[in-house]
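# Per-entry structural report
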Amino acid sequence: METVQRDRAARLRALHASGVLVLPNAWDAGSAVLVAHAGARAIATTSGGVSWSAGRPDGHGLTRAEMAERVRWITAAVDVPVTADVEGGYGPGAEDVADTVAAVVAAGAVGVNLEDSRAPGGPLFDATDQGARLRAARSAATAAGLPDLVVNARTDVFLFGIGAPEGRAADVLARARVYAEAGADCLFVPGLVDLDVVAALVKDCPLPVNVMAGPGAPSVERFAAAGVRRISVGTGLAQAAYSAAHRAAKELLTTGTYEELDGALDFGTVNALFPTAARTPPR
């Protein structure tokens, strides 16, 4: 374990100690460089965006090894901490999660995002089983020499509308308590943007709360005022980038004009962000 990786893990952990950490999600080494240049203090990957960049769908569209290799390129391209979206751990068992954590730690990640969905849309692992999977993540990180790995426990209760609406907040809170005891460092609740519900969860949650934002969601300032400590945007940046490419290509192919290319960063600006002697990803 290199000292620089331990230092990055400590930096990422410290960023959760106060205020709100905003994590624009990258999907490849190039997007990570642009996000870091924009001022991000840390970078989160998005499994959807990473999979799309490989021509695969989200939802375990890549294998564990394929995802880890892409994380390796991202961590090598930037100097800020990188936390990796490892979906459901690339297998249902605790041993699968342990293997995944070991792989992304070896690839340079200093955080992971582990969800409790068995499959996109649900069902979810019950809290006890997910707790065992989170313990395996923590143990694997320690065994790999990175005990400070930041484990972000994602629960998809709100994202997939699991259970009766009136019981979802209580379910999330119950899961948070189990996940905290299992060694998670923060709780990620995508699909929850109601500020009143968020504030109530923050008040009773034993872990810092992470939400997923996007168009129509409250601003970073309003989420922070409600007590949210970490905000990410999932596939949002990747969707915006791919949408821009699609619009520009469609215009070029249908009207033969280039208006959609207006406003892009110029070639020299983008090219200058990448060093002449690029770093080789660690092995």
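Structure report, in brief. (Residues numbered from 1 in each chain as written. Predicted model: local features only at pLDDT ≥ 70, side-chain atom pairs only at ≥ 80, totals over all residues. Heavy atoms only, no water.)

### Regarding the packing of helix H4 (residues 64-77) against helix H5 (residues 94-106)
Cut-off, in case you're wondering: An axis is simply a line fitted to the C-alpha atoms; with a helix, the fit covers only the stretch in contact. Between two such axes, the angle follows the N-to-C directions and lies from 0 to 180 degrees. Only DSSP runs of H or I reaching four residues or more are called helices, and only runs of E reaching two or more are called strands; each is numbered from the N terminus. Any angle that is under 35 degrees is reported as roughly parallel, and any over 145 degrees as roughly antiparallel; angles of 65 to 115 degrees are reported as roughly perpendicular and all others as oblique. Handedness of a crossing follows from how the near helix is turned relative to the far one, being left-handed for an anticlockwise turn of less than a right angle and right-handed for a clockwise one. Residues are treated as being in contact if the distance between any of their heavy atoms lies within 4.5 Å. When residues are grouped by polarity, Ala, Val, Leu, Ile, Met, Phe, Trp, Tyr, Cys and Pro land in nonpolar, Asp, Glu, Lys and Arg in charged, and all others, Gly among them, in polar.
At a minimum axis distance of 8 Å, the contact between H4 and H5 shows a crossing angle of 25°. The angle between the axes of H4 and H5 places the two elements in the roughly parallel class. The interaxial crossing formed by H4 with H5 has right-handed handedness. Residue-level inspection shows Arg-64, Ala-68 and Arg-72 of H4 in contact with H5, the latter providing Asp-96, Asp-99, Thr-100, Ala-103, Val-104 and Ala-106. In terms of residue class, the contact of H4 with H5 is made up of four nonpolar, one polar and four charged.

### Describing unusual backbone geometry
Condition: Accessibility here uses a 1.4 Å probe with only protein chains present; expressed as a share of the type maximum, an area under 20% marks a residue as buried, one over 50% as exposed, and anything in between as partly exposed.
Of note, the bond from Gly-122 into Pro-123 is cis; its omega dihedral lies within 30 degrees of zero at 5°. Within the fold, Pro-123 resides in the loop between strand S5 (111-115) and helix H6 (127-143). Positive phi outside glycine occurs at Glu-87, with the angle close to 50°. Here Glu-87 is to be found in the loop between strand S4 (82-85) and H5. Here Glu-87 falls in the buried class, since its relative accessible area comes to 2%. Phi at Tyr-90 takes a positive value of approximately 60°, unusual for a residue other than glycine.

### Quick look at helix H7 (residues 168-181)
Stated precisely, the cut-off is as follows: To estimate the expected span of a helix, subtract one from its residue number and multiply by 1.5 Å. What the arc describes is the spread of directions from the helix axis to the C-beta atoms.
In this model, H7 (14 residues) spans 20 Å end to end at C-alpha, consistent with the 20 Å of a helix rising 1.5 Å per residue. Along H7, the residues classified as buried are Arg-168, Val-172, Leu-173, Arg-175, Ala-176 and Tyr-179. Looking down the long axis of H7, one finds its buried residues gathered within 165° of arc, a one-sided arrangement. Of the exposed residues in H7, those oriented more than 90 degrees away from the buried face are Ala-170 and Glu-181. Here the buried face of H7 lies against H6, strand S6 (150-154), strand S7 (186-188) and helix H8 (195-204). Gly-183 occupies a position one or two residues after H7 and carries a positive phi of about 110°.

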